[in-house]
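Listed below are the residues making up each chain.
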Amino acid sequence: MADNNNKISQLETFAQILYGVKFCRFIFFFYSFLCFIFWFLNCLEVEWLYIFDWLFIIPYKLVSNFYTPQGVSVDFSLAIIGTITLFAGLGFNFFVEKLYKNIVDMQEAEERRIKERRMKQQQKKRAAAAAAAAAAARTQIGGVPGEIQSVPQPFENSKLIFLILPHTNKIKRKKEDLELTFQEVEIWKQRVNKKLIENISFSKPMQKGYYRKNLFLVYKDFNFCDDFIYYLSPTLDSIILEFKKYGISVSFCYVLSSLTDLQGLEKELDCMDTIISLNFVNEIIVTNRFKVTYDNKAIHKYDLHLKGEYNLSKNLTVTNRQPLFTITDKKKEEIKQ
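Residues numbered from 1 in each chain as written. Predicted model: local features only at pLDDT ≥ 70, side-chain atom pairs only at ≥ 80, totals over all residues. Heavy atoms only, no water.

Remarks on the overall build of the protein
Summing up its helical and strand segments, the protein has eight helices and seven strands in all. Scored against the burial criterion, the 337 residues of the protein give a buried share of 33%. Put simply, 69% of the contacts in the protein that link residues at least 6 apart link residues at least 24 apart. Looking at the protein as shown, the accessible area adds up to about 21600 Å², and 58% of this sits on carbon and sulfur atoms. (Helix = DSSP H or I, 4+ residues; strand = E, 2+ residues; numbered from the N terminus. Buried < 20%, exposed > 50% of the residue type's maximum accessible area, 1.4 Å probe, protein only. Contact = heavy atoms within 4.5 Å. Areas by Shrake-Rupley, 256 points an atom, 1.4 Å probe, with all protein chains shown as cover.)

Structural data, given as structure tokens:
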């Protein structure tokens, strides 16, 4: 709470400084404008200008230390004062832009921190609820009341496997804008992967790495899949919005699967890589292995729908048609109905 108050206090201080600097910028620009206007009128020898001498007394004295209009028909003192105040205004304008950027960055960082804290709190609540529901499911009412009996847990050693491929493109604001080069695409892809790892670091995967340049994550408990799916969409949406500020559009192809023995991880990743090549953009795709494991869970938050059957063989002479599924939230489906 104290840290949060400090953040708010810092933002308020920066906002007050920004307001003051903006006011100073306006004063310098306006004074520079007056100087050039009065210098031009002075060159035209307008007689009533002496009434406004008091506006320029102090600047005149400062300028007279290095400039004295002797033996010349035109006095450039006001033009010099106007030029100095113009550059001062530009300096304050530069400071305003930097200060505003810092305030925006601080606000975004604070919003991300609050969002991550809420996500962690919700994850703990959901984990506690899932544990309570599982305990209730294992308790059989009958015989001895409240007696906990052993219930077979199929696929209890299953791991959750996640593979993702980001696509990056330049947002064209003009027709003549050039496409990203192959090297630039790879650079932006690496940045997206880095940001993705940062945003899901709280989930603590047991293994992470790259398979054919695509990021994969392995979680030791398949039951984490509900929480993972719940946080996946907002996490990816935040990354898409963040890179949009840099003029880069980001989309994702990703797939989920399960595995009981990590010795077959490479083979499973190879299959998932083939699924990613089907290019289902921004859509959660799961394998038949995932569906079988998910169907054996005690509690189902999501519904799985058949996407279709696809040939997942990389050998063109061999047909290996396998079903793929998409995921929908049960609560959202009930609201729609």
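From this point on, the discussion continues.
What to know about the packing of aromatic side chains
Per the counting criterion, the structure on display carries twelve aromatic pairs. Where Phe243 meets Tyr246, the ring centres are 6.0 Å apart and the plane angle is 70°; that geometry is what we call edge-to-face. Phe243 gets classed as buried once you look at its relative accessible area, which sits at 4%. With a centroid separation of 5.7 Å and 10° between ring planes, the pair formed by Phe290 and Tyr294 is classed as stacked. Of this pair, Phe290 and Tyr294 are both found in helix α7 (residues 288–295), four residues apart, which corresponds to roughly one turn of the helix. Owing to a relative accessible area of 2%, Tyr294 belongs among the buried residues under this scheme. Every member of this aromatic cluster is reached through a ring pair, and the members are Phe162, Tyr219, Phe224, Phe228 and Tyr254. Over the face of the ring belonging to Trp188 we find Arg191, whose NZ or CZ atom lies 4.6 Å from the ring centre. Here the guanidinium or amino end of Lys291 rests over the ring plane of Phe325, the centre of that ring lying 5.4 Å away. (Phe/Tyr/Trp six-rings, centres within 6.5 Å; stacked < 30°, edge-to-face > 60°. Lys NZ or Arg CZ within 6 Å of the ring centre and 35° of its normal.)

Here we look at the sheet that holds strand β5 (residues 284–287)
Read across the sheet, seven strands follow the order β2-β3-β1-β4-β5-β7-β6 without closing on themselves; strand pairing throughout is mixed. Only two strands of the sheet have a single neighbouring strand rather than two, namely β2 (207–211) and β6 (302–311). The average angle at which neighbouring strand axes cross in this sheet is 25°, direction not considered. Across the sheet, helix α4 (residues 182–199) is in contact with β1 (159–170), β2, β3 (214–219) and β4 (248–259); its angle to β1 comes to roughly 140°. (Pairing = 2+ DSSP bridges. Axes fitted to C-alpha atoms, helices over the stretch in contact; angles between N-to-C directions.)

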